[in-house]
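# Survey of secondary and tertiary structure
Below, each chain spelled out in residue letters.
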Amino acid sequence: MAAVAAPVRPEALVPAGRRVWNVVRLHVANPWPSVILPWIVLVSIHALTWSIWAIISHYAGPGIEEDAFRYAGGVSWLVIYMMIIAIQAMNAGFRFALGFSSTRRDYYLGTVAFFAMMAVVYGVGLGLLALLERATDGWGMNGSFYAPAYLYDEPFAVVAFHYIALYLLFTTMGCLVGALFVRWRANGLYLYFGALALAVVALVWWLLDAGWGATVDFFTTNPLAVVMAWTLPVSVAFAAVGWLVLRRAPARG
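Bear in mind that the values here come from a model prediction, so they are computed numbers and not experimental data. Each residue is numbered by its place in its chain's sequence as written, counting from 1. Only residues with pLDDT of at least 70 are given local features in this predicted model, and only at 80 or more are side-chain atom pairs given and counted; all residues enter the totals for whole chains, interfaces and linings. Where side-chain values are given, they derive from all heavy atoms of the structure, hydrogens and water being excluded.

### Thoughts on empty space enclosed by the protein
In the cavity and pocket records, a cavity denotes points on a 1 Å grid over the protein atoms alone where a 1.4 Å probe fits but cannot get out, a pocket denotes an open set with protein on both sides within 12 Å along at least 5 of 7 lines, and lining residues are residues with an atom within 4 Å of a point. Grid points are joined across faces, edges and corners, and a volume is the space filled by probe spheres set on the points. The final tally for this structure, using the stated rule, is one cavity of 30 Å³ or more. Computed from the structure, the largest cavity encloses a volume of approximately 50 Å³. Gly falls in the polar group here, along with every residue not listed as nonpolar (Ala, Val, Leu, Ile, Met, Phe, Trp, Tyr, Cys, Pro) or charged (Asp, Glu, Lys, Arg). Residues of the lining of the largest cavity, tallied by class, amount to seven nonpolar, no polar and no charged.

Have a look at this one:
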C-alpha cells in the first residue's frame, strides 16, 4: 500500500531567517510613519525651539544666563511616538502577515528586530546631531536640543547609547501593549493599565517608605551609561512577555 506524504506547511518551504526578514521588510513597505515623518517633525520642533531661543536672546540681551537654553525637551516626544507606532504595528500588521504564511513567531521576531534596528538608527542619528550641535556652539545660541540637561557633557557614545536604550524600552513596551490588544482587545488594555497603576502605587509607596535615598544614590553615583544599561533587562522582559501573549493570539479578530 503506497504511503501518502504529509502536506508541507507553506512556512516550512521558506527558511526561518528569510521569513523574519520579510516581516522587517513589511514594516518598511510604508516608511513614512516610522522612518520619514519622525525626522520631519523633529527638525520642525528644533526650528521652532531655535526661533524661541532667538526671540528670548534678543529681548534678554547680554544678561541672559549661559545655560538658559540647555533644558529643552523637544526630543522626548520621539520615544512616545515610536511606542505608539509599535502598538499600531502589532495590531495592524499581525493578521495581514499571518495571511501571507508568516507564523506568530516570525511576525514577533521580525517586528522586534525592526524596532531594534530603528533604535540604532535613531540613537546614532541623534548622537551625530548632538555632535553637530556642540560644533556650532549650540546652533549659535549656546543651546542644547539633542543633548539637553544631563546629556550636555556626555560623549557621543553615551548620548547614542542613551537614546538606543530609551527607544528599546518604549518600543518593547509598545509591542507588549499591542500584543495584549491583539489577543484580548479592550480587556487586554484594561489588564495592562490596571497592572501599571498598581506598579506605580507600589513604587511610590516604596519610595516614600525607604527607597528614596537608595534611588537618589543610584542615579547620582552611577554613570549615565550604567543607569541606561539597567533598562535593557526591562526591555528584554517586556519583549518576552509580549511574545508569551502573542503566541496564543487568534488569527482572526
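### Let's talk about the pattern of salt bridges
Note on definitions: salt bridges are taken to be side-chain nitrogens of Lys or Arg within 4 Å of carboxyl oxygens of Asp or Glu. Within the structure shown, the criterion is met by two salt bridges. As a salt-bridge pair, arginine 19 and aspartate 106 come within 2.5 Å of each other at their nearest N and O atoms. Of this pair, arginine 19 sits in helix H1 (residues 16-27) while aspartate 106 sits in helix H4 (residues 104-135); the two residues are 87 residues apart in sequence, bridging distant segments of the chain. The buried label applies to any residue whose accessible area, calculated with a 1.4 Å probe on protein chains only, is under 20% of its type's maximum; exposed applies above 50%, and partly exposed to all values in between. In this structure arginine 19 comes out as buried when scored by relative accessible area, which is 11%. Given a relative accessible area of 1%, aspartate 106 falls into the buried group. Residues glutamate 66 and arginine 70 are paired through a salt bridge, measuring 3.7 Å at the closest nitrogen-oxygen approach. With a relative accessible area of 60%, glutamate 66 lands in the exposed category. Think of it this way: any DSSP run of H or I at least four residues long counts as a helix, any run of E at least two long counts as a strand, and we number them from the N terminus.

### Brief notes about the nonpolar core
Side chains of nonpolar character tend, in soluble globular proteins, to be buried together. Ranked by size, the top nonpolar core spans 56 residues in total, and within it Met82, Phe115, Tyr146 and Leu246 carry the most contacts. Elements supplying a minimum of two residues to this core: H1, helix H2 (32-60), helix H3 (77-98), H4, helix H5 (138-142), helix H6 (156-184), helix H8 (224-229) and helix H9 (231-246). Residue contributions to this core peak at 15 residues, all from H6. It only takes one pair of heavy atoms within 4.5 Å for two residues to be counted as in contact. Leaving out residues up to four positions away in the same chain, methionine 82 has contacts with Ser34, Pro38, Phe115, Tyr122, Tyr167 and Thr171. Buried Ala, Val, Leu, Ile, Met, Phe, Trp, Tyr and Cys residues that are joined via side-chain atoms within 4.5 Å together make up what is termed a nonpolar core.

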